[in-house]
Amino acid sequence: MSDKLLELSGVHTHIGAYHILHGVDLCVPRGQLTMLLGRNGAGKTTTLRTIMGLWQASQGSIRFAGQEIAHMATPTIARQSIAYVPENMGIFADLTVEQNLLLAARGAAHAGQMEAARLQWIFGLFPAVEKFWHYPAGKLSGGQKQMVAVARAIVEPRDLLIIDEPSKGLAPAIIDNMIAAFEQLKAAGSTILLVEQNIHFAQRLGDSVAVMDDGRIVHAGSMQELAEDRELQQSLLGLAL
Ligand SMILES: Nc1ncnc2c1ncn2[C@@H]1O[C@H](COP(=O)(O)OP(=O)(O)OP(=O)(O)O)[C@@H](O)[C@H]1O
Ligand SMILES: [Mg+2]
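Computed from a prediction, not measured in an experiment: that's the story for all the values here.

Procedures and definitions
Residues numbered from 1 in each chain as written. Chains lettered and ligands numbered in written order. Predicted model: local features only at pLDDT ≥ 70, side-chain atom pairs only at ≥ 80, totals over all residues. Heavy atoms only, no water. Donors = N, O, S within 2.8 Å, 3.2 Å for Na, K, Ca; no water. Helix = DSSP H or I, 4+ residues; strand = E, 2+ residues; numbered from the N terminus. Buried < 20%, exposed > 50% of the residue type's maximum accessible area, 1.4 Å probe, protein only. Pairing = 2+ DSSP bridges. Axes fitted to C-alpha atoms, helices over the stretch in contact; angles between N-to-C directions. Near = heavy atom within 4 Å. Areas by Shrake-Rupley, 256 points an atom, 1.4 Å probe, with all protein chains shown as cover. Nonpolar A, V, L, I, M, F, W, Y, C, P; charged D, E, K, R; others polar. Contact = heavy atoms within 4.5 Å. Phe/Tyr/Trp six-rings, centres within 6.5 Å; stacked < 30°, edge-to-face > 60°. Lys NZ or Arg CZ within 6 Å of the ring centre and 35° of its normal. Core = buried A, V, L, I, M, F, W, Y, C linked by side-chain atoms within 4.5 Å.

**Student:** Talk me through the coordination of the magnesium ion (ligand 2); I want residue IDs and the actual numbers.
**Tutor:** Geometry sets the ideal angles at a metal, namely 109.5 degrees for four tetrahedral donors and 90 or 180 degrees for six octahedral donors. Here the magnesium ion (ligand 2) is held by the protein donor atoms Thr45 (OG1) and Glu87 (OE), which lie 2.0 to 2.4 Å from it. On the criterion of sequence distance, the pair formed by threonine 45 in helix 1 (residues 44–51) and glutamate 87 in the loop between strand 6 (82–85) and helix 3 (97–104) is long-range, its members being 42 residues apart. By relative accessible area, which is 32% here, glutamate 87 ends up partly exposed.

Structure representation (structure tokens):
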């Protein structure tokens, strides 16, 4: 089996008349957490949306588990065992937390059919999910919605988890909860691709890292190497980790 679960080579994406991605090369090793960093507008969300087929790559290749997925429709890509949590979280505001999770659990018609041990594990990671189980998800706070969104993505095991800025707008205590949850997911062997702006979060969790600027990957390597090299951080991100 390849050690690369996901590999983008020379990916270009146009949105309408705008040329946004200019030949993205990105590798997500199996069993690792890969951080995608970069300034606002660098093209991180566009990269994730292109992987999921929400924007079509105009050029280049996207291989998942050895298979070309660049021209597949989004539902087909998701069925290859990829869970995606978009920047706006993508939860159903009018449905209860339970119903939100049920929709993500293939084949379960009610909570009794969701795998009990996995549900208990999720409740342990995100107590708010259990506490607000019967509440409409739209009534929860931003941080609680974020937890529901991540819980939806992990309600069933997937080969790859792709999450756009899970820490956005969260209080420091909640970020610590989220970090603990991702640490557990990592320990369980999940492959994860995370977009992050929170450097504390990125540094605590990342195994490998890719930095984008202006629609290209301008650096790729280990998180540890970047965390230890302040000059590199300055030149890539304009800040210190
Ligand atoms: N629907 C769209 N139409 C036109 N341009 C877009 C659209 N979506 C994104 N862009 C442009 O593409 C570029 C990359 O945007 P993208 O959302 O991928 O950045 P990002 O790295 O995720 O930024 P952020 O950190 O702010 O979330 C930006 O210049 C943005 O203005
Ligand atoms: Mg973004």
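**Student:** Which residues make up the sheet that holds strand 10 (residues 216–222), and what are the values?
**Tutor:** With respect to topology, six strands assemble into an open sheet ordered 6-7-8-3-9-10, the strand pairing being mixed. Each edge of the sheet is formed by a strand with only one pairing partner; in this case those strands are strand 6 and strand 10. Each strand of the sheet is rotated relative to its neighbour by a mean of 15 degrees, with strand direction disregarded. Sheet analysis places strand 9 (residues 208–213) next to strand 10, joined by six bridges and oriented antiparallel.

**Student:** Can you break down the site of ligand 1 residue by residue, with the values?
**Tutor:** Contacts to ligand 1 come from 15 residues, most closely from Lys44, Thr45, Thr46, Glu87 and Gln197. Computed on the free molecule, ligand 1 has an accessible area of 640 Å², of which 62% lies beneath the protein chains in the complex. Elements with a minimum of two residues in the shell around ligand 1: strand 2 (18–29) and helix 1. Along the lines of polarity and charge, the residues of the shell around ligand 1 split into five nonpolar, six polar and four charged.

**Student:** Explain the sheet that holds strand 1 (residues 4–15) residue by residue, including any values.
**Tutor:** Within the open sheet, the four strands sit side by side as 2-1-4-5. Their pairing is antiparallel. A single partner strand is all that each edge strand has here, and the edge strands are strand 2 and strand 5 (67–68). Where strand 1 and strand 2 come together, nine bridges link them in antiparallel fashion. The partner of histidine 12 across the bridge, within strand 2, is histidine 22. Most of the contacts of helix 1 go to strand 1, to which it runs at about 110 degrees, and overall it touches strand 1, strand 2 and strand 4 (57–64).

**Student:** Outline the packing of aromatic side chains, supporting the account with residue identities and numerical values.
**Tutor:** In total, this model carries three aromatic pairs according to the counting rule given. Consider the rings of phenylalanine 123 and tryptophan 133, whose centres lie 5.2 Å apart with planes at 85 degrees: the pair is edge-to-face. A residue pair is termed long-range when its members are at least 10 positions apart, and phenylalanine 123 in helix 4 (residues 116–125) and tryptophan 133 in the loop between helix 5 (127–131) and helix 6 (142–154) qualify at 10 residues. Each member of the pair, phenylalanine 123 as well as tryptophan 133, carries the same accessibility label: buried. Centroid distance phenylalanine 132 to tyrosine 135: 5.0 Å. Interplanar angle 85 degrees. Geometry classified as edge-to-face. A cation over an aromatic ring shows up here: arginine 49 above the ring of tryptophan 55, its NZ or CZ 4.7 Å from the ring centre.

**Student:** An account of the nonpolar core is requested, with residue identities and associated values reported.
**Tutor:** A general feature of soluble globular proteins is that nonpolar side chains tend to end up buried together. Ranked by internal contacts, the top residues of the largest apolar core, which has 53 residues, are Met35, Leu101, Phe126, Val129, Phe182, Leu194 and Phe201. The element that contributes the greatest number of residues to this core is helix 6, accounting for seven residues. Setting aside residues no more than four positions away along its own chain, phenylalanine 201 makes contact with Met35, Pro166, Ser167, Ile175, Met178, Ile179, Phe182, Leu194 and Glu196. Membership of the second largest hydrophobic core comes to 29 residues, among which are Leu48, Ile62, Ile77 and Ala210.

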